[in-house]
Structure formats: structure tokens, C-alpha cells
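For reference, the chains in residue letters:
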Amino acid sequence: DAKTTQPNSMESNEEEPVHLPCNHSTISGTDYIHWYRQLPSQGPEYVIHGLTSNVNNRMASLAIAEDRKSSTLILHRATLRDAAVYYCILRDPTYVGSARQLTFGSGTQLTVLP
Amino acid sequence: NAGVTQTPKFQVLKTGQSMTLQCAQDMNHNSMYWYRQDPGMGLRLIYYSASEGTTDKGEVPNGYNVSRLNKREFSLRLESAAPSQTSVYFCASSGKGPRGSGNTIYFGEGSWLTVV
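The text that follows walks through the structure, step by step, so that each part is easy to find.

1. Describing the sheet that holds strand E5 (residues 55–56) of chain A
Residue and element names in this part refer to chain A. The 4 strands lie next to each other as E2-E7-E6-E5, forming an open sheet whose pairing is antiparallel. The open sheet has two edge strands, strand E2 (18–23) and E5, and neither has a second partner. Here strand E6 (residues 61–64) pairs with strand E7 (residues 70–75) via 4 bridges, running antiparallel. Each bridged residue has a counterpart across the sheet, and for Ala-63 the counterpart in E7 is Thr-72.

Spelled out as C-alpha cells, the structure:
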């Protein structure tokens, strides 16, 4: 099964960029890389996803390695509201509903320091 | 746009009692899921339903049953609650989005369940 590996925790200063890494060495060719985050006492929310090319949206940027075995979620200017657990998971749209595609690890706890 | 709605938000049960967590989504998604999250841990999949009329076990199905009532609704039932089932439960759904969407998952706000 394709799995992801993330650091347990990271710290950042407010208004500085944050780079959250994720390793997925067994990724398959059809797996999309998804990032979700979970704020305290809330359900996870979608942040960004990509397949091969780097992606940007209003929340973050996703940098994907050329061999796709790793990726980095980039928050350009961290705010206190960005303190959350960030999950990196792999999703294959051709396996809708497959339990293999729905595993969330422990994620990375991001602490933002004022 | 409500997204994924789950009820109740909080519940205290006595050991051996039964209860049903309700979940509904208004995004016309085919797939729905139930997760549990224990303190300080990640999400673990209990059951999922790839489409109306089908359900499958996830990572931790023991002690639970599910019903995919229709396309919108997916309920989780605890037949005889145990203290080990004290957790936060999240319902989620996903479906075909725009090309390249990669099948994004949308989560409810969670149901805090305590079994005493």
C-alpha cells in the first residue's frame, strides 16, 4: 500500500514561510497527492492537491519532486490560524471508495509562534 | 451549502447502551465514510460506502454497523457501547469533481462520544 511519512511536529514563526515535507516513495502513477489540515476541535479540511506539477491556490502551494516520491506543502506566510495538524495522503480517483486510499497517518502538528 | 452534516455533536452513553450517529451530505457524492479519532492520534477508517447500497469494512469495524440509507445519508450504529469506543467520530464524503480534482474528501464537524 502506498503510504506517506511526515515529521510528527514542526514550529514556525508568525509571518514566515513554512515548508511541510511528506515522503511517499511507493506512490503509484495514478495517485494524486492530497493535503488536508485539521484545526483544533474541527474536522479535517482540504488544502491542496496535485499529480505531477507544482500547484498554487489561495491557501498554499504544493511542490512535487520530479520523481514524485516526495512533496512539500508551502505556507507562504504562517499565521496563528495556521496552527493545525497537516495530513499528506495519496488518492487514486480510479479506486473510489477503496480503503487503501483513505488512510490518514498521524500528520504533522504545526505550531506557529507569535 | 451545508456540505457534510452529522448529529449529534456531543453524546454521553452508558456501557451497553446503543445509539446511532447520523450523517448527511448535500454534494451528490457517491462515496461516504466514517472515521474515528482518538486523542492525539490520526483518523482511522471504520466503514465506508463506495456507492448507494454498498458498504465495506475499514480498518477498525468491530463494534459498529452502518447503513447507507440513500445517496445522501450514511449512519453509524453502536449496538452495545463500550468505553473503548469513546472517541471523536467524523463522517466524510467524496465524489467526482472537475477533471484533475483527485477525488477530494469533505468532512463533517465531528461527533464527540463518551462511553462511561
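2. Concerning the state of the cysteines
Tallying each qualifying case throughout the model produces 2 disulfides over all chains. Covalent S-S linkage joins Cys-22 of chain A and Cys-88 of chain A, the inter-sulfur distance amounting to 2.1 Å. On the S-S bond that ties Cys-22 of chain A to Cys-88 of chain A, the torsion sits near -80 degrees, and the link is left-handed. With Cys-22 of chain A in strand E2 and Cys-88 of chain A in strand E8 (residues 84–91), this pair connects stretches of sequence that are 66 residues apart. According to the relative accessible area criterion, Cys-22 of chain A is buried, its value standing at 1%. Between the sulfur of Cys-23 of chain B and that of Cys-91 of chain B lies a disulfide, 1.8 Å long from S to S. Classification of the bridge connecting Cys-23 of chain B and Cys-91 of chain B rests on its S-S torsion, roughly -75 degrees, and on that basis the disulfide is left-handed. Here the residue Cys-23 of chain B occupies a position in strand E3 (residues 19–25), and Cys-91 of chain B occupies one in strand E9 (residues 87–94), the gap between them amounting to 68 residues. Exposure class is identical for Cys-23 of chain B and Cys-91 of chain B. Each is buried.

3. Some points on the pattern of salt bridges
Going through the model one piece at a time under the given rule, you end up with 7 salt bridges over all chains. Measuring nitrogen to oxygen at the nearest pair gives 2.7 Å for the salt bridge that ties Glu-45 of chain A to Arg-37 of chain A. According to the relative accessible area criterion, Arg-37 of chain A is buried, its value standing at 12%. Notably, a salt bridge pairs Asp-38 of chain B with Arg-36 of chain B, separated by 2.9 Å at the nearest N-O pair. Note on Asp-38 of chain B: relative accessible area 13%, which makes it buried.

4. Some remarks on the packing of aromatic side chains
Taken as a whole, this structure holds 6 aromatic pairs over all chains when the rule is applied. Seen from their ring centres, Tyr-36 of chain A and Tyr-46 of chain A are 5.9 Å apart, and the 75 degrees between their planes marks the pair as edge-to-face. Taken as a pair, Tyr-36 of chain A in strand E3 (residues 32–38) and Tyr-46 of chain A in strand E4 (residues 45–50) lie far apart in primary sequence, 10 residues in all. Among the residues examined, Tyr-46 of chain A registers a relative accessible area of 26% and is labelled partly exposed. Relative to Phe-107 of chain B, the ring of Tyr-35 of chain B lies with its centre 5.7 Å away and its plane at 45 degrees, an arrangement referred to as tilted. You can see Tyr-35 of chain B sitting in strand E4 (residues 31–37) and its partner Phe-107 of chain B sitting in strand E10 (residues 105–107), a full 72 residues away along the chain. Clustering of aromatic rings is evident, with ring pairs tying together Tyr-36 and Tyr-46 of chain A together with Tyr-33, Tyr-35 and Phe-107 of chain B.

Cut-offs and rules
Residues numbered from 1 in each chain as written. Chains lettered and ligands numbered in written order. Predicted model: local features only at pLDDT ≥ 70, side-chain atom pairs only at ≥ 80, totals over all residues. Heavy atoms only, no water. Pairing = 2+ DSSP bridges. Helix = DSSP H or I, 4+ residues; strand = E, 2+ residues; numbered from the N terminus. Disulfide = S-S within 2.5 Å. Buried < 20%, exposed > 50% of the residue type's maximum accessible area, 1.4 Å probe, protein only. Salt bridge = Lys/Arg side-chain N within 4 Å of Asp/Glu carboxyl O. Phe/Tyr/Trp six-rings, centres within 6.5 Å; stacked < 30°, edge-to-face > 60°.

Bear in mind that shape data such as this cannot, by itself, settle questions of function.
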